[in-house]
Amino acid sequence: MTLPLSHPALSATDPELAALVGAEEQLQADTLRLIPSENYVSQAVLEASGTVLQNKYSEGYAGRRYYEGQQNIDQVERLATARAKALFGVDHANVQPYSGSPANLAVYLAFAEPGDTVMGMALPMGGHLTHGWGVSVTGKWFRGVQYGVRQDTGLIDFDEVRDLALKERPKLIFCGGTALPRTIDFAAFAEIARESGAVLVADVAHIAGLIAGGAHPSPVPHADVISTTTHKTLRGPRGAMLMSREEHAKAIDKAVFPGLQGGPHNQTTAAIAVALHEAAQPSFRDYAHAVVANAKALAEALLARGFDLVSGGTDNHLILMDLTPKDVPGKVAAKALDRAGIVVNYNTVPYDPRKPFDPSGVRIGTPSLTSRGLGTEHMAAVADWIDRGVTAARTGDEDALAGIRAEVADLMASFPAPGLPTD
Ligand code: DSN
C-alpha cells in the first residue's frame, strides 16, 4: 500500500530530503519491525516534537533559568516532570537528558569520581555500553567490573553479583540492560547494593513502558536512581529521564545541568510530556500487557520451530535467539531477514564465541508490532516468517526472501502504524 505524500513545506523547500522521509515512512509501514528498542510514536507525540518550542533556549530548570521568555517553557517542563513523578511514583524526575547515554553519564558525575570502581552487566551478556564497558567513556574513565549470566541458565547469578560487589565495593551498581529477556529482580540488587555500600541505578530504558503499564515490576522503591530513555516501550520521543528519591534530586539536577549538558531540547520535553500522558491512560496498560503476551507467544512459536532462545524464553518484550544450532551467523540472518521485510538486529549471546560485529545471535521484540495492533494470534505467522527467512539465509534462497517480503507487506497493510501518513 503506497502511503500518501506528506510534509508539504519540506517537500517544497528540500524535495531531496522530503523524498528520504517519505521513503522511510513507506519502509516503516511495509515492514515488520522487530528491533526491541524501537517503536512507533503517536501522531500527538510527533506533533509535539516538531513544534516551535525548539526555537527556545532555557538552560537551568523551571523558575531558575539563565534566559528570559520562559513563560511557556517552564510550564512544559513542569508538566513533564509532574507526569513522570506521578506515573512512576518517584519523588524526583529530571526530563532534560538528551538520551540514555548522557543520562547515565550524568549519574556517574553525580555519584562518582574518575577512577572509581563501578559495576554493571557486561555488554556481551546483555548489559549496556554505559554500564562500565571498556570501549565506553564509562569503562575508560572509571574502573568497570562486570557481572554476567550463568551459562547453563542464561539467568543472573545473584551469589556471583554479591561476591563481586563485596570484593570490589563499587560506587555504583547498574542493573538492567539491552538484551535481557527476563524480569529484573530489583529487590535482590538493592540488597546487594545496601550490603556493599553502592548506589543502585536501575537502567529501565527497555522496560519503562512495561513498568508504567504494570507489566513488569517497578524499581521503586528499590533503586536509588532510575535511568530511562523515553522512546522504547514507553513510546515517546528520542530522549531520556532520570528519576530518584528526594535525597538525590539536587545531585542529579546539578550533574545534568550544568555538569554535562547545555540547553534542554524543549520540543522533546513537550513530546515526553505527551507520551507520559498517553502512558497514564488505561489503554496503555492493555498495550504493555499485550507486548508481553505477544513476546511470550512468539517465543513459544519459535521454540516449537527448534530455535534456541537465551534463558529458554521471555518474561518481557524481548527475545534473544542463538542461531548456532541453525548454522547461520546472526549477521547473515539479520541481513537476510531485512531483505524479507523483517527488521531485527544481530546481537551477541552470552558466552558468544563470535565477535560483536559478527555474533551468533539475533535480538527481536514485540513493542512495534503491538503498537500496530498485532495480537497473539499473529505470532505463529511471525515465527514462520523468521523460520523461513533464517532457512533462506542459510541456503541463499533470495526468491524465498522476496516471497516473505510480499507476505509481510500484505499483512502489515491491514495494521496501519501510528504516526504514519494516511489518506
Ligand atoms: N541502542 C539501544 C538498544 O537498541 O537496546 C540501547 O542503547
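Residues numbered from 1 in each chain as written. Predicted model: local features only at pLDDT ≥ 70, side-chain atom pairs only at ≥ 80, totals over all residues. Heavy atoms only, no water.

Another aspect to go through is unusual backbone geometry. Note that the residue after valine 220, namely proline 221, is joined by a cis bond; omega there is 15°. Inspection of the secondary structure puts proline 221 in the loop between helix 9 (208-212) and strand 9 (225-229). Of the consecutive residues phenylalanine 257 and proline 258, the connecting peptide bond is found in the cis state with omega at 10°. Look at arginine 169: it is not a glycine, yet its phi comes out positive at around 50°. Structurally, arginine 169 can be placed in the loop between helix 7 (158-168) and strand 7 (172-175). Even without a glycine there, the phi angle at arginine 235 is positive, about 65°. Structurally, arginine 235 is set in the loop between strand 9 and strand 10 (240-244). (Helix = DSSP H or I, 4+ residues; strand = E, 2+ residues; numbered from the N terminus.)

Let us look at the site of the ligand. If you check the shell around the ligand, you find Ser37, His128, Thr178, His206, Lys232 and Arg363 and nothing else. Contact between the ligand and serine 37: an oxygen atom at 2.6 Å from a side-chain N or O atom of the residue. Between the ligand and the protein, one listed contact pairs an oxygen atom with a side-chain N or O atom of arginine 363 at 2.8 Å. Within the complex, the protein chains bury 63% of what would otherwise be the 230 Å² of accessible surface of the ligand. Broken down by class, the residue content of the shell around the ligand amounts to no nonpolar, 4 polar and 2 charged. (Near = heavy atom within 4 Å. Polar contact = N/O pair within 3.5 Å; in protein donor to acceptor, adjacent residues only side chain to side chain. Areas by Shrake-Rupley, 256 points an atom, 1.4 Å probe, with all protein chains shown as cover. Nonpolar A, V, L, I, M, F, W, Y, C, P; charged D, E, K, R; others polar.)

The next thing to look at is helix 13 (residues 330-339). Listed as buried for helix 13 are Gly330, Lys331, Ala333, Ala334, Ala336 and Leu337. Buried-residue contacts for helix 13 involve strand 13 (342-343), strand 14 (345-347), strand 15 (361-365), helix 15 (379-395) and helix 16 (398-412). Immediately downstream of helix 13, the backbone of glycine 341 shows phi near 80°, a positive value. (Buried < 20%, exposed > 50% of the residue type's maximum accessible area, 1.4 Å probe, protein only. Contact = heavy atoms within 4.5 Å.)

Across the sheet, which stays open at both edges, the 7 strands sit in the order 4-10-9-8-7-5-6 with mixed pairing between neighbours. Either end of the sheet is taken by a strand with one partner, and the two such strands are strand 4 (92-94) and strand 6 (143-147). For this sheet the average axis-to-axis angle between neighbouring strands, irrespective of direction, equals 20°. With 5 bridges joining them, strand 5 (residues 117-121) and strand 6 adopt parallel strand pairing. Paired with valine 118 across the strands is glycine 144, a residue of strand 6. (Pairing = 2+ DSSP bridges. Axes fitted to C-alpha atoms, helices over the stretch in contact; angles between N-to-C directions.)

To continue, consider the environment of threonine 130. Here threonine 130 shows up in the loop between strand 5 and helix 6 (137-140). Along the backbone, threonine 130 and threonine 348 are 218 residues apart, and their C-alpha atoms lie at a distance of 17 Å. In this structure threonine 130 touches Ser101, Asn104, Tyr108, Ser136, Thr138 and Phe174, once residues within four positions along its chain are discounted. Separated by 2.8 Å, the side chains of threonine 130 and asparagine 104 make a polar contact.

A word on the pattern of salt bridges. This structure, assessed with the given rule, holds 20 salt bridges. When the shortest N-O distance is used, the salt bridge between glutamate 168 and arginine 143 registers 2.7 Å. Here glutamate 168 is found in helix 7, whereas its partner arginine 143 is found in strand 6, with 25 residues between them in sequence. Since its relative accessible area comes to 16%, glutamate 168 is described here as buried. Notably, a salt bridge pairs arginine 162 with glutamate 195, separated by 3.1 Å at the nearest N-O pair. Within this pair, whereas arginine 162 is found in helix 7, its partner glutamate 195 is found in helix 8 (residues 186-196), the two being separated by 33 residues in sequence. Under the relative-accessibility criterion, arginine 162 is labelled partly exposed at 21%. Among the residues examined, glutamate 195 registers a relative accessible area of 36% and is labelled partly exposed. (Salt bridge = Lys/Arg side-chain N within 4 Å of Asp/Glu carboxyl O.)

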